[in-house]
Amino acid sequence: MHATTSRKHRLATLVSAIALTVAATAVSLLAAQPAQAATICEQYGTVVAGNYVIQNNRWGTSATQCINTTSNGFSITQQDGVGNTSGAPVSYPSIFLGCHYSNCSPSSPLPKQLSTIGTAPSSISFSYPGSGTYDAAYDIWLNADTNVSGVQDTEIMIWANRQGSIQPIGSQTGTANIAGRSWAVWTGSNGANNVVSYLSGSPITSLSFDVMDFVRDTFTRGSQYGNNSWYLTSVQAGFEPWIGGVGLAVNSFSASVTTGGGTQPPGTPGTPSASNVTASGASLSWSASSGTVSSYLIERATGASSTSFSQVGTSSSPSFTDSGLAANTTYRYRVRASNSAGTSGYSGIVNVTTTTGGGTQVPGTPGTPSASNVTASGASLSWSASSGTVSSYLIERATGAGSTSFSQVGTSSSPSFTDSGLAANTTYRYRVRASNSAGTSGYSGIVNVTTTGGGGGGGCTTTAAVQSQWNNGYVMQVTVTNTGSSTINGWSSTATLPSGHAHTGSWPQAAVVSGQNVTETNQNWNSSLAPGQTASWGFQASRPNGNTALPTAYSCTAS
């Protein structure tokens, strides 16, 4: 089996140059035919179908190929070419939105810079014959600029089906979960452009998705595939036949692009200035960034010349108060701004030296917590107090009986804490340390706490899977399951975001956001769940650039 090494007007020889000239001439000479019930047998014949263009695109053979078109699709009625399954297919008959070799669909919204696109919803329905060697491919084309006269820089292929001894370009380098499906991800180059292919494990007859989910995932595969300053130039759906292909059909196709309000990454914020500096804290303020700002990300390094910065907080306004610092110590701070389009550059750095703390010592290590009042969604913790002066206790939690991925979930001024919003029948691990102006203590011992199963005949759980993720954000597909023995008539499902992450959207309805908790409740049509039955919802969140954490805490309440 070999990759498709040359596709869709892309031959790397003199033959390619001749073919492209013929293709351009053919496109320019063919008048737009009626959108419905047209038959195209010309090599590069096209018809306009509403907002789309349908093309025969028989670029790899001189043998006859004909397609019948509809108002939003087409079917192959004759395909006499035979391609070498170790090489390229014979054609790519397809329907597209955007611009393909300077042929643009009516009132095309493309090319459009990716940073200005909010969503790009699309749907496709395929039919397949019982024999032949072919793939069903949805193509997403990206380019570094708006030149659409030739080969584009990156091709994203969604392989909805493949039959025969053919495979994508390159080799499999990963997997992805997008549009509610699992995909094998192949990456490579055909010599003219980079290609990222998403291969389904079984034939897909219909698919609805956001094109941008595949684009964002592609950008996580390497900088060579593009970034938000690039342009989406076209989306296309069709088939690559090698042998046979009569009966292949796009039954329906839709694609559109919505703007994100023209959002660009924010401008660089001003250099912070410090005030109210004490032995254990300092207040920072800076000039606001230009553009839309979702949050400011504050980073700190310890030492007058240190470059080992780490994020210590976020702020929705151009100010921040840091606490729990050591006395008579120099800290360095820098800030950047973020929104849905990305993050700004770093501000300048300010050095802040705390005052002398009057001999305060670091607190002693607190005792190992013990748990009480454990329910399906919460637990109370208490521990022996630390010796010395304690400003606050810092409570950290990990999910899973053997997990070591702890993150802070709260603070307390006393040696007790109540955690809530937990998932039923789940084991959590807790540890505590104490802090004051001189620093933080060592960690306490770890206690494991397992929540109850939700009780009664009706109960539910919340689980989630990553639909897609990128450098500073992700999309989660959430499943609510009735784990009880009787029908439930309502549910409330909560996901807890890691510190520094921010909710940016949810579906099928707007979620209620309280702190780091994102809660979705049932609607009339999905409120009733029989035992074992599921409902789903989803959300998108942003996270600091370089932060790879994902939510791990979920809970569900049935009614």
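Residues numbered from 1 in each chain as written. Predicted model: local features only at pLDDT ≥ 70, side-chain atom pairs only at ≥ 80, totals over all residues. Heavy atoms only, no water.

## Digging into the packing of aromatic side chains
Note on aromatic pairs: each is described by the distance of the centres and the angle between the planes.
Phase 1: Scanning the model with the defined rule gives 13 aromatic pairs in all.
Phase 2: Their ring planes at 65 degrees and their centres at 5.5 Å tell us that Phe-126 and Phe-239 sit as a pair that is edge-to-face. Of the two residues, Phe-126 sits in strand β11 (residues 121-127) while Phe-239 sits in strand β19 (residues 231-243), which places them 113 residues apart along the sequence. As far as the burial class goes, Phe-126 and Phe-239 line up, both buried.
Phase 3: Consider the rings of Trp-383 and Tyr-393, whose centres lie 5.5 Å apart with planes at 75 degrees: the pair is edge-to-face. Taken as a pair, Trp-383 in the loop between β31 (379-382) and β32 (392-399) and Tyr-393 in strand β32 lie far apart in primary sequence, ten residues in all. There is no split in this pair, since Trp-383 and Tyr-393 are both buried.
Phase 4: Among the aromatic residues, those joined into a cluster by ring pairs are Tyr-52, Tyr-138, Trp-183, Tyr-198, Phe-209, Phe-214 and Phe-253.
Phase 5: The ring of Tyr-346 has Arg-334 sitting right over it, with the charged end atom 3.7 Å from the ring centre. (Phe/Tyr/Trp six-rings, centres within 6.5 Å; stacked < 30°, edge-to-face > 60°. Helix = DSSP H or I, 4+ residues; strand = E, 2+ residues; numbered from the N terminus. Buried < 20%, exposed > 50% of the residue type's maximum accessible area, 1.4 Å probe, protein only. Lys NZ or Arg CZ within 6 Å of the ring centre and 35° of its normal.)

## Some words on the pairing of β32
Along any regular strand the residues' side chains alternate between the sheet's two faces.
Phase 1: Burial runs high along β32: seven of the eight residues are buried.
Phase 2: As judged from the eight bridges shared by β32 and strand β35 (residues 427-436), these two strands associate in the antiparallel manner. Among the inter-strand pairings, Ser-392 is bridged to a residue of β35, identified as Ser-435.
Phase 3: Two strands pair when backbone bridges link them, and β32 and strand β33 (residues 407-412) are joined in this way by five bridges, in the antiparallel orientation. Bridging from a neighbouring strand, Glu-396 pairs with Gln-408 of β33. (Pairing = 2+ DSSP bridges.)

## Things to note about the side chain of Arg-429
Phase 1: Inspection of the secondary structure assignment puts Arg-429 in strand β35.
Phase 2: This buried residue, Arg-429, is left without a salt bridge; Glu-396 holds the nearest opposite charge, at 11 Å.
Phase 3: In terms of polar contacts, Arg-429 uses its side chain to reach the side chain of Asn-448, at 3.0 Å.
Phase 4: Apart from residues lying up to four places away in sequence, Arg-429 is in contact with Glu-396, Arg-397, Ala-398, Gly-400, Ala-401, Gly-402, Ser-403, Thr-404, Phe-406, Ile-446, Val-447 and Asn-448. (Lys, Arg positive; Asp, Glu negative; His and termini not counted. Salt bridge = Lys/Arg side-chain N within 4 Å of Asp/Glu carboxyl O. Polar contact = N/O pair within 3.5 Å; in protein donor to acceptor, adjacent residues only side chain to side chain. Contact = heavy atoms within 4.5 Å.)

## Concerning the confidence of the model for the protein chain
Predicted coordinates in regions of low pLDDT should not be interpreted in detail.
Phase 1: Taken residue by residue, the protein chain gives an average pLDDT of 86. The fraction at 70 or more is 91%.
Phase 2: Per-residue pLDDT stays below 50 along residues 1-35; that stretch engages in 88 contacts with residues further than four places along the chain or on separate chains. (pLDDT = per-residue confidence, 0-100.)

## Quick look at the pattern of salt bridges
Phase 1: According to the stated counting rule, one finds eight salt bridges in the structure shown.
Phase 2: Put simply, Arg-431 and Glu-396 hold a salt bridge, and the shortest N to O gap is 3.0 Å. One end of the pair, Arg-431, is in strand β35; the other, Glu-396, is in strand β32, with 35 residues separating them in the sequence. The two residues Arg-431 and Glu-396 agree in class, both being buried.
Phase 3: Taken together, the shared-partner salt bridges in this structure form one network comprising Glu-299, Arg-334 and Arg-336.

## A short note on the sheet that holds strand β38 (residues 460-470)
Phase 1: Read from one edge of the open sheet, four strands run β38-β39-β44-β41, paired in antiparallel fashion. The two strands at the open ends of the sheet, each matched to only one other strand, are β38 and β41 (502-507). This sheet shows a mean twist of 25 degrees between the axes of neighbouring strands, independent of strand direction.
Phase 2: The pairing of β41 with strand β44 (residues 534-542) spans five bridges and is classified as antiparallel. From the neighbouring strand, His-503 faces β44, where its bridge partner is Ala-541.
Phase 3: Across the sheet, helix α2 (residues 211-219) is in contact with β38, β39 (473-482) and β44; its angle to β38 comes to roughly 65 degrees. (Axes fitted to C-alpha atoms, helices over the stretch in contact; angles between N-to-C directions.)

## Details of the sheet that holds strand β6 (residues 74-79)
Phase 1: Strand order in this open sheet of six strands is β2-β5-β6-β20-β11-β18, and the pairing throughout is antiparallel. Either end of the sheet is taken by a strand with one partner, and the two such strands are β2 (39-40) and β18 (206-210).
Phase 2: Here six bridges tie β11 to strand β20 (residues 249-255), and the two strands are oriented antiparallel to one another. Across the sheet, the residue bridging to Ile-124 is Phe-253, located in β20.
Phase 3: In the packing of α2 onto the sheet, the strands contacted are β11 and β18, and the crossing angle to β18 comes to about 65 degrees.

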